[in-house]
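# Structural overview for review
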Amino acid sequence: MDHREVLNNVLRSNELQFSEETISLAKDVDIELKGYVFSARKEDLRRPRIVRVAAIQNTVDIPTTAPIHVQRDALHEKISNILRVAVTAGVNIVCLQEAWTMPFAFCTREKFPWCEFAEDVENGPTTKMLKELAKQYNMVIISPILERDTNHHDTIWNTAVVISNNGTFIGKHRKNHIPRVGDFNESTYYFEGDTGHPVFDTQFGRIAINICYGRHHPQNWMMFGINGAEIVFNPSATVGALSEPLWGIEARNAAIANGYFTVAINRVGTEVFPNEFTSGNGLPAHKDFGPFYGSSYVAAPDGSRTPGLSRDKDGLLVVEIELNLCRQIKDFWGFQMTQRLPLYAESLAKAVKPDYKPQIIRES
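If you check an unreviewed UniProt entry, the chain appears there as Beta-ureidopropionase from Anopheles merus. In its Sequence similarities (unreviewed entry) section, the UniProt entry covering the chain states "Belongs to the carbon-nitrogen hydrolase superfamily. BUP family."

This is the structure we're talking about:
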């Protein structure tokens, strides 16, 4: 591989070959299907650790004026159909997009009826449905939903639920960073999460979830790596005019800096709401939010990545990865060995104090 190939390295892997059954099912449910393989060097002392991960991106098809249960049920059916494709493709871990059970109504700043989508993470209808499918398909499912915490005054959170391949609830992670961009402010609905940076040790590898806006914060990615993640999923809902120039960079850079695989997932389509709202961008009030630009992809710790899914079509991206690559890249580059955490811990401890003075040396 010459210098130009390295600079333009979008894909350093082979395309994944699907069965006729998988291809036919994908056509039946009208989704784009793409698959790739990331390999690693064969080792003498460790066996290969090959896992198939998947990202699902999808539109919201039912009008936002329909009853809440109708909207949610339609999305349940849609995702169930896509998961049927995923299981025939041998997927071990799948992640859905941010707040997948609902339209991305946070742009409206209206509390009603959108808060009705919030549900219990362990026993709500979405988790109950996915528990059954996870057990049936022997598949770990990451389900980002709007959480209703009935144990704490009906508080709402933006939460990713992790369901084991044996059909049990493993745990949850609440979104750490909340966007405040223009007058788009999700803290109308929920505040910053309180679950830290959990890593879930599943049968298929150690996984973590960096929800949407958290991808703009390198410290967020770093902490998942410090806690031992091998794959970090980034379920998102972001629109082209706002973030597309950053999309292909952030998850890929995080994979390089932290020595793990990243899976960047973004929804597709434009969603239209009953009432007008503004977005703090100087444009007139409008009822539509979007377009979400899809382009979901997977990045490896060696800096390579897959091509993205479509910008405007429902899709399933299946990627076979070799988890041994994580340690191999850490051994080669030594980023973790040389990162000097005590130095930065000391500096950050000083920086958060009210009397902190930046370390600037000025010419006398």
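Here the narrative resumes, following the displayed structure.
### Observations concerning the sheet that holds strand S5 (residues 140-149)
Strand order in the open sheet formed by 8 strands is S1-S2-S17-S3-S4-S5-S6-S7, and the pairing between neighbours is mixed. Of all the strands in the sheet, the pair left with one neighbour each is strand S1 (14-15) and strand S7 (169-174). Pairing of strand S3 (residues 50-57) with strand S17 (residues 315-322), which is carried by 8 bridges, proceeds in the antiparallel orientation. If you follow Gln57 over to S17, its bridge partner there is Gly315.

### What about the pattern of salt bridges?
Counted under the stated rule, the structure contains 19 salt bridges. Linking Lys313 and Asp30 is a salt bridge whose minimum nitrogen-to-oxygen distance equals 3.0 Å. On the criterion of sequence distance, the pair formed by Lys313 in the loop between strand S16 (297-299) and S17 and Asp30 in the loop between helix H2 (20-28) and strand S2 (32-37) is long-range, its members being 283 residues apart. With a relative accessible area of 30%, Lys313 lands in the partly exposed category. A network of salt bridges, in which partner residues are shared, links Glu147, Asp149, Lys172, Arg174 and Asp194.

### Quick look at the state of the cysteines
Scanning all chains against the criterion turns up 0 disulfides. Distance from the sulfur of Cys107, which forms no disulfide, to the nearest cysteine sulfur (Cys212) is 13 Å. Look at Cys107 and you get buried, because its relative accessible area is 2%. This cysteine, Cys326, is not joined by any disulfide, and Cys95 carries the nearest cysteine sulfur, 17 Å off.

### Considering the UniProt feature "domain: CN hydrolase" (unreviewed entry) in the chain
UniProt's entry tags residues 51-323 with the feature "domain: CN hydrolase" (unreviewed entry), counted in the numbering of this structure. Its end C-alpha atoms 7 Å apart, residues 51-323 is made of 23% helix and 32% strand.

### Some remarks on the packing of aromatic side chains
Under the criterion given, the structure shown has 14 aromatic pairs. Plain terms: the ring middles of Phe104 and Phe292 are 6.2 Å apart, the flat faces sit at 80° to each other, and that makes the pair edge-to-face. Taken as a pair, Phe104 in the loop between strand S4 (93-95) and helix H4 (125-137) and Phe292 in strand S15 (residues 286-293) lie far apart in primary sequence, 188 residues in all. Judged on exposure class, the residue Phe104 and its partner Phe292 are both buried. Taking 5.5 Å as the distance between ring centres and 75° as the angle between the ring planes, the aromatic pair formed by Phe289 and Phe292 counts as edge-to-face. One exposure class covers both Phe289 and Phe292, and it is buried. Put simply, the rings of Phe104, Phe106, Trp114, Tyr189, Tyr190, Phe273, Phe277, Phe289 and Phe292 pair up and form one aromatic cluster. Note that Arg267 overlies the ring of Phe292, its terminal NZ or CZ placed 5.5 Å from the centroid.

### Regarding the pairing of S2
Looking at chain direction, S1 and S2 are connected through 2 bridges and run antiparallel. Counterpart to Asn14 in the pairing with S2 is Val37. Of the strand pairs in this sheet, S2 and S17 are connected by 6 bridges, and their pairing is parallel. Note on S17: the bridge partner recorded for Leu33 is Leu316.

### Points about a nonpolar patch on the surface
A grouping of Phe332, Trp333 and Phe335 is seen on the molecular surface, where their side chains present a nonpolar patch of about 370 Å² in accessible area. In this structure, Phe332 sits in helix H7 (residues 324-333).

### Remarks on the sheet that holds strand S13 (residues 261-266)
Spatially, the 5 strands line up as an open sheet ordered S10-S11-S12-S13-S16, and their pairing is mixed. Each edge of the open sheet carries a strand with a single partner, namely strand S10 (200-202) and S16. Each adjacent strand pair in this sheet contributes to an overall mean axis angle of 25°, direction not counted. Bridging between S13 and S16 involves 3 bridges; their strand directions are antiparallel. Across the sheet, residue Thr262 finds its bridge partner in S16, namely Ala299.

Cut-offs applied
- Residues numbered from 1 in each chain as written.
- Predicted model: local features only at pLDDT ≥ 70, side-chain atom pairs only at ≥ 80, totals over all residues.
- Heavy atoms only, no water.
- UniProt positions renumbered as here; feature names shortened; annotations may be inferred.
- Pairing = 2+ DSSP bridges.
- Helix = DSSP H or I, 4+ residues; strand = E, 2+ residues; numbered from the N terminus.
- Salt bridge = Lys/Arg side-chain N within 4 Å of Asp/Glu carboxyl O.
- Buried < 20%, exposed > 50% of the residue type's maximum accessible area, 1.4 Å probe, protein only.
- Disulfide = S-S within 2.5 Å.
- Phe/Tyr/Trp six-rings, centres within 6.5 Å; stacked < 30°, edge-to-face > 60°.
- Lys NZ or Arg CZ within 6 Å of the ring centre and 35° of its normal.
- Patch = residues over 30% accessible without salt bridge, like charges linked within 9 Å, V, L, I, M, F, W, Y side chains within 5 Å.
- Areas by Shrake-Rupley, 256 points an atom, 1.4 Å probe, with all protein chains shown as cover.
- Axes fitted to C-alpha atoms, helices over the stretch in contact; angles between N-to-C directions.

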